[in-house]
Amino acid sequence: MIEPSQKFNLANQPIGVMDSGVGGISVLKHIHALLPHEPLLYFADSQHAPYGNKTAVEITQRCFEIADFLIGKGVKALVVACNTATAAAIDALRDQYSGPGFNIPIIGMEPAVKPAAEATRNGIIGVLATVGTLKSAQFAALLESYGRNVEVITQGCIGLVECIERGELNSEETHTLVRQYCAPLLAHGADTIVLGCTHYPFVRPVIEQQVGANVVIIDTGAAVAKQLQKRLLKRDLLTQPLYAHQKGEVSFWTNSKAPTALQVIHELWGATAQISLL
Ligand code: DGL
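All residue numbers refer to position in the chain's written sequence, counted from 1. The predicted nature of this model means local features are confined to residues of pLDDT at least 70 and side-chain atom pairs, given and counted, to a pLDDT of 80 or more, with totals for whole chains, interfaces and linings taken over all residues. The side-chain quantities take in all heavy atoms of the structure and omit both hydrogens and water.

Caption draft 1: Expanded view of the overall build of the protein chain. Counting its regular elements, the protein chain contains 12 helices and 10 strands. For the protein chain, the C-alpha atoms occupy an extent of roughly 60 × 45 × 40 Å along the three principal directions. Pairs at least 24 apart in sequence give 78% of the contacts found in the protein chain among residues at least 6 apart. The accessible surface values rely on the Shrake-Rupley method and a 1.4 Å probe; as for residues, cover is taken only from the protein chains in view. Summing over all exposed atoms, the protein chain offers an accessible surface of approximately 12,800 Å²; the carbon and sulfur share of this is 53%. Here a strand is any run of E in DSSP of at least two residues, a helix any run of H or I of at least four, and the numbering for each starts at the N terminus. Any two residues whose heavy atoms approach within 4.5 Å at even a single point are treated as in contact.

Here's what the structure looks like:
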């Protein structure tokens, strides 16, 4: 039985957010906007990015290491802000940390096929994601559940995560890759495109430029933040701020070896933050 004082303390613990690199910062922004009082801890596993061409076993190992790190820092909930890691490791993470003992809510994310199937006007949707996500059993199940009545064109975007990890949101290479990967979706007539990787919202302007204003682009970040809020509310785990405008502190850890690592995080986050190199 948890005493009310203990419960209060637990609610004021931070939320852990993890990704293969800096992509999950796109989700972190939605979480911070919706839940501004919450202290947030972000782990960028940039040294091991991209996850998209790793095996499920390798990704699961990485996820356990990061989850242990964040749980060691006392997080009350964990957001896997990575479609690829969710597909590969969410079941194993929940088995380990959501049951008795840790009892930590774990929120994952998957490409927004369902909202896209609802939004499409011509019944053709495109999904941009990593190769790992697209060939996962979870993605096959997603198509089976929500993709039956629409045509789904998928496109693995090799190399795009690496550009974003380098902070190249507008480079020639980024434009070339986006053009190359959007072309088959447009050729099939997709009127709705799902950003099935958390890195891609950072190049959304380039994608928009490529596909034009008539194509609807769907990102899952806001839905994940809402789901997190719902789960915390249900368990009475939302932070109790001391005053209304109190902002939760946001701290970053990265194991990147790139000399520009801190600068890239600063630029993508867009505000001052505490960043530690591991
Ligand atoms: N940000 C990731 C995702 O949502 C992973 C990208 C990668 O490391 O390949 O899928």
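Back to the text.
Caption draft 2: Quick peek at the pairing of strand S2 (residues 40-44). Relative accessible area decides the class of each residue, using a 1.4 Å probe on protein chains only: under 20% of the type maximum gives buried, over 50% gives exposed, and in between gives partly exposed. Counting buried positions along S2 yields 5 of 5 residues, so the element is predominantly enclosed. Side chains of S2 alternate between two faces, with Leu-40, Tyr-42 and Ala-44 and Leu-41 and Phe-43 buried alike. Between any two strands, at least two bridges found by DSSP are needed for them to pair. Summarising the sheet, strand S1 (residues 15-19) and S2 pair through 5 bridges and their orientation is parallel. Paired with Val-17 across the two strands is Tyr-42, which belongs to S2. A crossover counts as right-handed when, viewed with the strands pointing away from the observer, the path leading from the first strand over the helix to the second turns clockwise. A crossover connection joins S1 to the parallel S2 through helix H2 (residues 25-34); in handedness this β-α-β unit is right-handed. Judged from the 5 bridges that link them, S2 and strand S9 (residues 250-254) form a sheet pairing that is parallel.

Caption draft 3: Summary view of the environment of Leu-185. With respect to the helices and strands, Leu-185 occurs in helix H9 (residues 172-187). Take Leu-185: its relative accessible area is 0%, and that puts it in the buried class. Taking C-alpha positions, Leu-185 is 7.7 Å from Gln-155, a pair spaced 30 residues apart along the chain. In this structure Leu-185 touches Gly-126, Val-127, Leu-128, Ile-153, Gln-155, Ala-190 and Ile-193, once residues within four positions along its chain are discounted.

Caption draft 4: Up close: helix H12 (residues 261-269). For H12, the set of buried residues is Ala-261, Val-264, Ile-265, Leu-268 and Trp-269. Buried residues of H12, seen end-on, are gathered within an arc of 120° and therefore sit on one face of the element. Contact partners of the buried residues in H12: H2, helix H8 (160-165), S9 and strand S10 (274-277). Taken from the residues just after H12, Gly-270 is the one with a positive phi, measuring 80°. Directions drawn from the helix axis to the C-beta atoms are what define this arc.

Caption draft 5: Layout of the site of the ligand. Inspection of the region around the ligand gives 13 residues, with Ser-20, Tyr-51, Gly-52, Thr-84 and His-199 positioned closest. Two N or O atoms form a polar contact when they lie within 3.5 Å of each other; inside protein one atom must be a possible hydrogen donor and the other a possible acceptor, and for residues adjacent in sequence the pair counts only when both atoms belong to side chains. Thr-198 places a side-chain nitrogen or oxygen 2.8 Å from a nitrogen atom of the ligand. Notes on the ligand: free accessible area 300 Å², of which the protein chains cover 99%. Any residue with at least one heavy atom within 4 Å of a molecule or strand is counted as near it.

Caption draft 6: Representation of the nonpolar core. Only buried residues count toward a nonpolar core, which is a set of Ala, Val, Leu, Ile, Met, Phe, Trp, Tyr and Cys residues joined through side-chain atoms within 4.5 Å. One finds Leu-128, Tyr-200 and Ile-207 to be the most contacted residues of the largest nonpolar core, which totals 53 residues. Among the elements that line this core, the one with the most residues is H9, at 5 residues. Once residues lying within four places of it in the same chain are set aside, the contact partners of Leu-128 are Gln-155, Cys-157, Tyr-181, Cys-182, Leu-185, Ile-193, Val-194, Leu-195, Gly-196, Cys-197, Tyr-200 and Ile-207. The next biggest cluster of nonpolar side chains, apart from the first, holds 22 residues, and it includes Tyr-51, Leu-78, Leu-93 and Trp-253.

These figures capture arrangement, not role.
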